[in-house]
Amino acid sequence: DAMVIQNPRYQVTQFGKPVTLSCSQTLNHNVMYWYQQKSSQAPKLLFHYYDKDFNNEADTPDNFQSRRPNTSFCFLDIRSPGLGDAAMYLCATSRDTGGINGYTFGSGTRLTVV
Amino acid sequence: TQLLEQSPQFLSIQEGENLTVYCNSSSVFSSLQWYRQEPGEGPVLLVTVVTGGEVKKLKRLTFQFGDARKDSSLHITAAQPGDTGLYLCAGARAGTALIFGKGTTLSVSS
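Chemist: Please explain the overall build of chain B as it appears in this structure.
Modeler: Across its full length, chain B carries zero helices and eleven strands. Starting at the N terminus and walking to the C terminus, you meet the elements of chain B as β-β-β-β-β-β-β-β-β-β-β. Projected onto its principal axes, the C-alpha positions of chain B cover 40 × 30 × 20 Å. Looking at the 110 residues of chain B, the share that counts as buried comes to 45%. For chain B, contacts bridging at least 24 residues in sequence account for 53% of all contacts bridging at least 6. By element, 50% of the accessible surface of chain B is carried by carbon and sulfur atoms, the whole surface being about 5100 Å². Between the mean site of the 9 positive side-chain charges and the mean site of the 9 negative ones, chain B shows a separation of 7 Å.

Chemist: Please clarify how the interface of chain A and chain B should be interpreted in this entry.
Modeler: Quite often, the size of an interface is put as the accessible area lost when its parts meet. The interface of chain A with chain B comprises 21 residues on the first partner and 24 residues on the second. Broken down residue by residue, the surface that chain A buries against chain B is led by Ile 100, Tyr 103 and Phe 105 of chain A, which jointly contribute 29%. Applying the counting criterion to the chain A and chain B interface returns one salt bridge. Linking chain A with chain B are six residue pairs in polar contact (both at pLDDT 80 or more), by the criterion used here. When contributions to the side of chain A that touches chain B are tallied by element, the ones reaching two or more residues are strand S4 (31–37) and strand S9 (87–94) of chain A. Among the residues making up the side of chain A that touches chain B, the classes are represented as ten nonpolar, ten polar and one charged.

Chemist: Teacher, can you tell me more about the pattern of salt bridges here?
Modeler: Where side chains of opposite charge bring their charged atoms close, a pairing between them can arise. Tallied over the entire structure, the rule returns five salt bridges over all chains. The residue Lys 44 of chain A makes a salt bridge to Asp 59 of chain A at a minimum N-O spacing of 3.5 Å. Of this pair, Lys 44 of chain A sits in strand S5 (residues 44–50) while Asp 59 of chain A sits in the loop between strand S6 (53–56) and strand S7 (64–67), and the two are 15 residues apart along the sequence. Since its relative accessible area comes to 31%, Lys 44 of chain A is described here as partly exposed. For Asp 59 of chain A, a relative accessible area of 51% translates into the label exposed. Ionic pairing is found between Lys 56 of chain B and Glu 54 of chain B, a salt bridge with its closest N-O pair at 3.8 Å. What makes Lys 56 of chain B partly exposed here is its relative accessible area of 32%.

Chemist: Just to check I follow, could you spell out the environment of Leu 46 of chain B for this structure?
Modeler: Residues and elements named next belong to chain B. Secondary-structure assignment places Leu 46 in strand S5 (residues 44–49). The class for Leu 46 is buried, based on a relative accessible area of 18%. The spacing of Leu 46 and Leu 61 is 15 residues in sequence and 9.4 Å in space, taken between C-alpha atoms. When sequence neighbours within four positions are dropped, the list of residues in contact with Leu 46 reads Trp 34, Tyr 35, Arg 36, Leu 58, Leu 61, Phe 63 and Tyr 87.

Chemist: Sorry if this is basic, but what is going on with the packing of aromatic side chains here?
Modeler: Aromatic rings considered in pairs are described by the distance between their centres and by the relative angle of their planes. Applying the stated criterion across every chain yields a total of 13 aromatic pairs over all chains. Note on Phe 64 of chain A and Tyr 89 of chain A: the rings are 6.1 Å apart at their centroids and 35 degrees apart in plane angle, and the pair reads as tilted. Of this pair, Phe 64 of chain A sits in strand S7 while Tyr 89 of chain A sits in strand S9, and the two are 25 residues apart along the sequence. Each member of the pair, Phe 64 of chain A as well as Tyr 89 of chain A, is classed as buried. Here the aromatic rings of Phe 105 of chain A and Phe 100 of chain B are separated by 6.1 Å at their centres, their planes lie at 65 degrees, and the arrangement is edge-to-face. Taken as a pair, Phe 105 of chain A in strand S10 (residues 104–105) and Phe 100 of chain B in strand S10 (residues 99–100) lie in two separate chains rather than in one.

Chemist: Looking at this model, I keep getting lost on unusual backbone geometry. Mind explaining?
Modeler: Comment: phi is negative for the bulk of residues other than glycine, and the bulk of peptide bonds are trans. The residue after Asn 7 of chain A, namely Pro 8 of chain A, is reached through a cis peptide bond having omega -10 degrees. With respect to the helices, strands and loops of the structure, Pro 8 of chain A is situated in the loop between strand S1 (4–7) and strand S2 (10–13). A cis amide bond links Ser 7 of chain B to the next residue, Pro 8 of chain B, at an omega of -10 degrees. Although it is not a glycine, Asn 28 of chain A sits at a positive phi angle of roughly 60 degrees. You can see Asn 28 of chain A is positioned in the loop between strand S3 (19–25) and S4. Here Asn 28 of chain A falls in the exposed class, since its relative accessible area comes to 61%. For Asp 51 of chain A, which is not a glycine, the phi torsion comes out positive at approximately 60 degrees. Of the residues examined, Asp 51 of chain A reaches a relative accessible area of 42% and is grouped as partly exposed.

Scoring rules and cut-offs
Residues numbered from 1 in each chain as written. Chains lettered and ligands numbered in written order. Predicted model: local features only at pLDDT ≥ 70, side-chain atom pairs only at ≥ 80, totals over all residues. Heavy atoms only, no water. Helix = DSSP H or I, 4+ residues; strand = E, 2+ residues; numbered from the N terminus. Buried < 20%, exposed > 50% of the residue type's maximum accessible area, 1.4 Å probe, protein only. Contact = heavy atoms within 4.5 Å. Areas by Shrake-Rupley, 256 points an atom, 1.4 Å probe, with all protein chains shown as cover. Lys, Arg positive; Asp, Glu negative; His and termini not counted. Charge placed at Lys NZ, Arg CZ, Asp CG, Glu CD. Buried area = accessible area lost by both parts, 1.4 Å probe. Salt bridge = Lys/Arg side-chain N within 4 Å of Asp/Glu carboxyl O. Polar contact = N/O pair within 3.5 Å; in protein donor to acceptor, adjacent residues only side chain to side chain. Nonpolar A, V, L, I, M, F, W, Y, C, P; charged D, E, K, R; others polar. Phe/Tyr/Trp six-rings, centres within 6.5 Å; stacked < 30°, edge-to-face > 60°.

This is a description of form; function is not addressed.
See the structure below:
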């Protein structure tokens, strides 16, 4: 089945220690998104790629970076995680930016900062 | 400014009860989507409504898109514990990422 896979499912990192979360897709979708979601809240968009074109949200901290080396993979790098960055990180894909046909989400990575 | 307002934010009901969740906006969307998210998982798309006034049914779930394509509702008949989760509405507009509401946390107890 075509899907969006996030690794790892759970990640524990130390305060200030760089961490990378990964996302891969077999849907061949053009757009890949990274969302941050805190407890029982709506997902908050951090940034997205349309193919290789990177689009950052205005309020995404510089501490968060992303890479998309090819169509299938996208990475979220947190350069110096703080306690406030503990959250579920969701990767999603869609055929086009408008997402009129819906987004496909991965199962998420739960990040804990100690 | 929250473009999509969802209500209620929390809902706790008994098995067998009916409920309605609302998603309202002052903006027009090309489509409105509903997702359900279970604890520890990513959101899963339930339905997309595209045409103003459209009604879609998914077993005990009924989704309606407002005539002006600014609002939507989700009605669940005879709720079951398996319906428990976070329900998110999301509005789509060409060229921009989906806009999510804050979600409705539903708890159905047996």
